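Take a look at the letters that make up each chain.
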Amino acid sequence: MKKRRICAMLLAATMVAGSLAGCGDKKDDTSKKGNDGTEGGSETSGDVVELTFFNADANQDDPWTDPVAEAITEATGVKLKTTRPVGGNDESEAVALMIAEQNYPDIIFAKGSAGNLIEAGAMMDMTDLIEEYGPNIKKLYGDEFNKLKQSADDPAIYQLSAYVVGGTKFKDAGNLQIQWDALKAKDYKIPESLEELETMIKDYLKANPKTDDGLDKIGISLSASDWHWLITLGNPAGFIADGAPDNGQWIVNENNEAIYKFASDNEREYFKWLCRMYNEGILDKDFATQTHEDYIAKIASGRVVTLFDKDWDYQDGEKVLKADGKYGLTYAGLPTCINADTKCPSLMYQGLTTGTGVGISNSCKDPVAAIKFIDFLCSDEGQVLNKWGIKDVNYFVDDEGHRYRTEEEIKYSQEDADYSKKTGVGFHNYPFPSYGDGILDPTGSTYTTTSKEAVINEYNEEEKAACEKWGVDLLVDKFPQPDEFTTPDYSPLWAYAMPLEFTEITDKLDEVAWSALIKCVTGKEADFDKNYDKMLEDLESTGMSDAEKMMTDIIAEKVAAAKS
Amino acid sequence: MSAKKASKEKKIKQKFSRQLMWKQRYLLLMSVPFVVWLIIFKYIPLWGWTMAFQEVKPRTMTLPIWERPFVGFSNFIKAFQDRMFTQTVINTIGLSILGIALGTVSAILFALVLNEIRFNKFKKVSQTISYLPHFVSWVVIASIAKMVLNDGGMLDTLFGKNLGLMSTNSPLFWVTVCLINIWKEVGWDAIVYLSAMAGIDQGLYEAAKVDGANRLQRIWHITLPGIKPTIVVLLIMGIGGALNVGMERQMLLSNGIVQDHAMVLSWFAYVRGIGNSNYGLGTAIGMFQSLVGVILLLIANKVAGWLGESKLI
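Note that the structure is a prediction, hence the values are computed from the model and not measured. (Residues numbered from 1 in each chain as written. Chains lettered and ligands numbered in written order. Predicted model: local features only at pLDDT ≥ 70, side-chain atom pairs only at ≥ 80, totals over all residues.)

## Quick notes on the overall build of chain B
Move 1: Of the regular secondary structure elements, chain B holds 16 helices and zero strands.
Move 2: In terms of overall dimensions, chain B is more spread out than a globule: its C-alpha atoms have a radius of gyration of 25 Å, far above the 20 Å expected for 313 residues.
Move 3: The principal-axis extent of the C-alpha atoms belonging to chain B is close to 75 × 75 × 35 Å.
Move 4: For chain B, contacts bridging at least 24 residues in sequence account for 66% of all contacts bridging at least 6. (Helix = DSSP H or I, 4+ residues; strand = E, 2+ residues; numbered from the N terminus. Rg over C-alpha atoms; globule rule 2.2 N^0.38 Å. Contact = placed C-beta atoms within 7 Å.)

The following block contains the structure:
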């Protein structure tokens, strides 16, 4: 007994001592870190400041040795040392560690985890810095500069935008994608409703039940066994059923009130249609369990007639078809909606996407150098350097002062997968601020290398034939045009850094919706309404109305902040 | 021998005293590094459990421990009220019981078969092949398993119909997971039983042979009783770790349909804790898991005692 007591006391004593020691250590740590930081700064040669940069979206290392990087360093005296999340694209763990260790890089692009950094007080309010050192940043954002403010209560600018400002979309995958062969079979008539689409798929399947390799064709396939369900099952519902632009899981009405999108009656219709397709065997029976790799493999084999996806998501599969020259099996993006009255929102300019972008951390060793660096990237010179490369090497200027690239350079850029890494062109551009496609700089050339002509040049035979048949220059000319929409006062909701109280509810809502929607679609048609009502009930008990109210408040705050 | 044993027992009964410490000073000295290691790596981190009673989110995380707001048991209440919580606990327990039962039986059977093989080279080769999957990461195992078991996978094609092994939102998914786990671990788990079998006195077998016992009878009456203590020890340890069902296995094998039956406590703590940056809540779930684990361990230990086997603790 006595022995135990002694043991217990010893244990308690060590624990207390340990914790005290632990806390004491922490202080030492931070001061040490400060020293380390400054040492690191002075270590770099000459006047060049080396800033650390966390890039949540980087998928390869950036050694900062290419010609463009050197030119940027020459102009700004800043060298970037980029770190990226290890193990795929999930930045949340890396950011959680940063917060736990209190060890932040100088410049941070944290994507979806930015909210945590802001709450942890890690991000610097850049308003004054931009006012003093950032004329080009202000110029780049123009009218939309105020949208960068956090909220009406906290009008600070913690991060810029990783997305382009303004511009024109020369290409888009639309609401859904169908193989060119199926479209040709109906003489290029774009279906105007889901019924027309259904007949198109069914007729095509009847005429061509198998691929050349003898595999069964699949009417529609989706990728829904991981987060891709948001892209192929969730998002298209909003575009097709409600004609709503991409606001994540939300639909916002004209009074800026948000509803969780699966509660919309139109979407119920859309999922009912999907359920019927599933039961009729048009929708891939394995869609819910197949891995994304299976899905891509199916696309690559040319079996899938229709997709509800976006080009960046399915292009890996399409590349294989293109390499084989099977252009008829590649996909045409279509603006088809649930009925003829609904407008495809693909080309709508939703305003500047804010809430995710680069920011400067509070522990930045030289905030002025950092902001000047970003400001240079926003300047005309920086934009051209990043997107076109070095003058007389990557691009040339003609007699009228317009920039152009040689055929070889274009070919080089398209065919060498390491082009941008080797030359630095387009390598350091994202996630720093940039102008959209089609915007002209003072010399009359576009800021980006993507222009209408360039896009038309890249069209393959099928796409060219379609343009000719439709009598248009660009495929997207068949879509509802940007001027048919008004840009909302708020920026797209999906990119916002949301408060934790809110994401705690919405994560659960998505969790409920994911499995419930799959259940609705894969269930019997007769049970559909019952299943859908059950889902709405579950969503309600998980806090859907609270979340909707919070979302509406957040939108109101953002609108107020942008107007102030 | 018996004198030694008696003195040993006497020593245990000896009262804690200074002389005794002096007498055993070298032993004590030798144990110091391990005690220090234990305290530093196993007990001091327990201090972190205070997080379970505090609000620890990014905005409060960087504060010193005593300045974080204490919230009492609200993290626990929040966890218990979560819509997924009950289902998660059921899944965790169901999966472990099934896993322990199927895993133990299959490992013993496999060890018995290997043990009975007289052709030594074949025995060695098949043993090596069987435990190789143990060293392959779950990421690889899961993609292989999905190729075979998913809808439209190899098994479905073989049987010509949809078996729904990985797309039925029911405890069938647990069985699928356990089968995959057995395939991965059976060879590895059998090693311990094999070594226990190797320790059985060969004289017993010879005596049984002389008495006319056939192979099955020898297995039943000699091999199995011979490895019974090993089985019990491994079962106790298994039950103690019953709630520590690996998260990555579940994450990698699940999909939208079976999510309700794939969620386990460790994953739940990850999703609600790290996923939502609510570290206090995550700690509370983890703490619940540990406490239940300790209780299960004590129960299993007691049961082992009733069964007449040596207890572990």
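## Details of the overall build of chain A
Move 1: For chain A, the helix and strand inventory stands at 21 helices and 14 strands.
Move 2: Relative to the globule expectation of 24 Å for 564 residues, the C-alpha radius of gyration of chain A, 26 Å, shows essentially globular dimensions.
Move 3: Along the three orthogonal principal directions, the C-alpha set of chain A runs to about 85 × 80 × 50 Å.
Move 4: Out of the 564 residues belonging to chain A, those deemed buried represent 44%.
Move 5: Of the contacts made within chain A by residues no fewer than 6 positions apart, 76% connect residues no fewer than 24 positions apart. (Buried ≥ 20, exposed ≤ 12 C-beta atoms within 10 Å, placed from the backbone.)

## Some words on the sheet that holds strand 10 (residues 331–334) of chain A
Hydrogen bonds between backbone atoms are what pair the strands of a sheet, whose relative direction is either parallel or antiparallel.
All names here are of chain A.
Move 1: Overall, mixed pairing links the four strands, which are arranged 6-9-5-10 in an open sheet. Every other strand in the sheet has two partners, leaving strand 6 (218–221) and strand 10 as the edge strands with one partner each. Sheet twist, expressed as the average angle between the axes of neighbouring strands with direction ignored, equals 30°.
Move 2: Examined bridge by bridge, strand 5 (residues 176–179) and strand 10 share four bridges and lie antiparallel to one another. Paired with Gln179 across the two strands is Tyr331, which belongs to strand 10. (Pairing = 2+ DSSP bridges. Axes fitted to C-alpha atoms, helices over the stretch in contact; angles between N-to-C directions.)

## Here's the deal with the sheet that holds strand 2 (residues 78–83) of chain A
Residues and elements named next belong to chain A.
Move 1: Strand order in the open sheet made by the four strands is 2-1-3-11, with mixed pairing throughout. With partners counted over all chains shown, the strands left at the sheet margins are strand 2 and strand 11 (358–360), one partner each. Mean inter-strand twist for the sheet, computed between neighbouring axes without regard to direction, equals 25°.
Move 2: Pairing of strand 1 (residues 49–55) with strand 2, which is carried by six bridges, proceeds in the parallel orientation. Along strand 2, the bridge assignment pairs Val49 with Val78.
Move 3: Against the sheet, helix 13 (residues 367–378) contacts strand 1, strand 2, strand 3 (107–109) and strand 11, and its axis sits at roughly 155° relative to strand 11.

## Quick look at unusual backbone geometry
All names here are of chain A.
Move 1: Following Tyr430, the chain continues to Pro431 via a peptide bond in cis, the omega torsion being 5°.
Move 2: Tracing the sequence through the fold places Pro431 in the loop between helix 16 (419–423) and strand 14 (434–435).
Move 3: The backbone phi angle of Tyr188 is positive, close to 60°, even though this residue is not glycine.
Move 4: Counting through the fold element by element, Tyr188 comes out in the loop between helix 7 (180–185) and helix 8 (194–207).
Move 5: In this structure Tyr188 comes out as partly exposed when scored by C-beta crowding, with 15 C-beta atoms within 10 Å.

## Structural notes on the confidence of the model for chain A
Move 1: Confidence in the prediction for chain A averages 87 pLDDT; 91% of positions are at 70 or higher.
Move 2: Here residues 16–45 of chain A is modelled with pLDDT under 50, and outside its nearest four sequence neighbours on either side it reaches 14 contacts, counting other chains as well. (pLDDT = per-residue confidence, 0-100.)

## Some words on the packing of helix 5 (residues 74–81) of chain B against helix 16 (residues 279–306) of chain B
Residues and elements named next belong to chain B.
Move 1: Two elements in contact, helix 5 and helix 16, have axes separated by 9 Å at closest approach and are oriented at 75°. One element, helix 5, and the other, helix 16, form an angle in the roughly perpendicular class. Judged by residue contacts, Asn75, Phe76, Lys78 and Ala79 of helix 5 engage Gly280, Leu281, Ala284, Ile285 and Phe288 from helix 16.
Move 2: Among the residues forming the contact of helix 5 with helix 16, the class breakdown is six nonpolar, two polar and one charged. (Parallel < 35°, antiparallel > 145°, perpendicular 65-115°, else oblique. Nonpolar A, V, L, I, M, F, W, Y, C, P; charged D, E, K, R; others polar.)

## Notes on the interface of chain A and chain B
Move 1: Listed per partner, the contact involves 32 residues of chain A and 28 residues of chain B.
Move 2: Those elements giving two or more residues to the side of chain A that touches chain B turn out to be helix 1 (2–43), helix 3 (91–101), helix 4 (114–119) and helix 19 (500–522) of chain A.
Move 3: Looking at the side of chain A that touches chain B element by element, the count peaks at eight residues for helix 1 of chain A.
Move 4: Looking at the side of chain A that touches chain B, its residues break down into 13 nonpolar, 12 polar and seven charged.

## A short note on the packing of helix 7 (residues 120–131) of chain B against helix 10 (residues 172–198) of chain B
Helix packing for two helices is described by the angle between their axes and how far apart those axes are.
All names here are of chain B.
Move 1: Here helix 7 crosses helix 10 at 120°, and the two axes come no closer than 6 Å. The angle between the axes of helix 7 and helix 10 places the two elements in the oblique class. Where helix 7 approaches helix 10, its residues Gln127, Ser130 and Tyr131 are matched on the opposing element by Val186, Gly187, Trp188 and Ile191.
Move 2: Residues that form the contact of helix 7 with helix 10 fall into these classes: four nonpolar, three polar and no charged.

## Describing the environment of Ala244 of chain A
All names here are of chain A.
Move 1: Summarising the element assignment, Ala244 is placed in the loop between helix 9 (229–242) and strand 7 (250–252).
Move 2: Residue Ala244 is classed as buried on the basis of its C-beta count, with 22 C-beta atoms lying within 10 Å.
Move 3: Residues Ala244 and Cys467, 223 residues apart in the sequence, show an inter-C-alpha distance of 27 Å.

## Examining helix 6 (residues 85–116) of chain B
Residue and element names in this part refer to chain B.
Move 1: Here helix 6 contains 32 residues, and its C-alpha end-to-end distance of 46 Å stays within 8% of the 46 Å for a straight helix at 1.5 Å per residue.
Move 2: Listed as buried for helix 6 are Thr88, Asn91, Thr92, Leu95, Ser96, Ala107, Ile108, Phe110, Ala111 and Leu114.
Move 3: In this structure, the buried side of helix 6 is in contact with helix 7, helix 10, helix 12 (215–240), helix 14 (259–262) and helix 15 (265–275). (Expected span 1.5 Å × (residues − 1).)

## Regarding the nonpolar core
Move 1: In terms of nonpolar packing, the biggest core is built from 171 residues, with Leu117, Phe271, Ala370, Ile374, Ala513, Leu517 and Cys520 of chain A touching the most fellow members.
Move 2: Those residues in contact with Ile374 of chain A that sit more than four places away from it in its chain are Ile137, Val358 and Phe432 of chain A.
Move 3: Listed in part, the 12 residues of the second largest apolar core include Ala107, Ile108, Leu194 and Ala196 of chain B. (Core = buried A, V, L, I, M, F, W, Y, C linked by C-beta atoms within 7 Å.)

## Quick notes on helix 11 (residues 202–210) of chain B
Move 1: Taken across its nine residues, helix 11 of chain B has zero buried, putting it largely on the surface.
Move 2: Directly beyond the C-terminal end of helix 11 of chain B, a positive phi value near 90° is found at Gly212 of chain B.

## A word on the confidence of the model for chain B
All names here are of chain B.
Move 1: Of all residues in chain B, 94% have pLDDT values of 70 or greater, and the mean over the chain is 87.
Move 2: Per-element averaging of pLDDT across chain B places helix 1 (residues 2–13) at the bottom with 49 and helix 3 (residues 25–43) at the top with 93.
Move 3: Long-range and interchain partners of residues 1–11, a stretch whose pLDDT sits below 50, account for zero contacts in this model, where long-range means more than four residues apart.
Move 4: In the model output, the complex is listed with pTM 0.79 alongside ipTM 0.75.

## Quick word on the environment of Asp187 of chain A
Move 1: When you line up the elements, Asp187 of chain A lands in the loop between helix 7 and helix 8.
Move 2: For the pair Asp187 of chain A and Gln481 of chain A, spaced 294 residues apart in the sequence, the C-alpha separation amounts to 23 Å.

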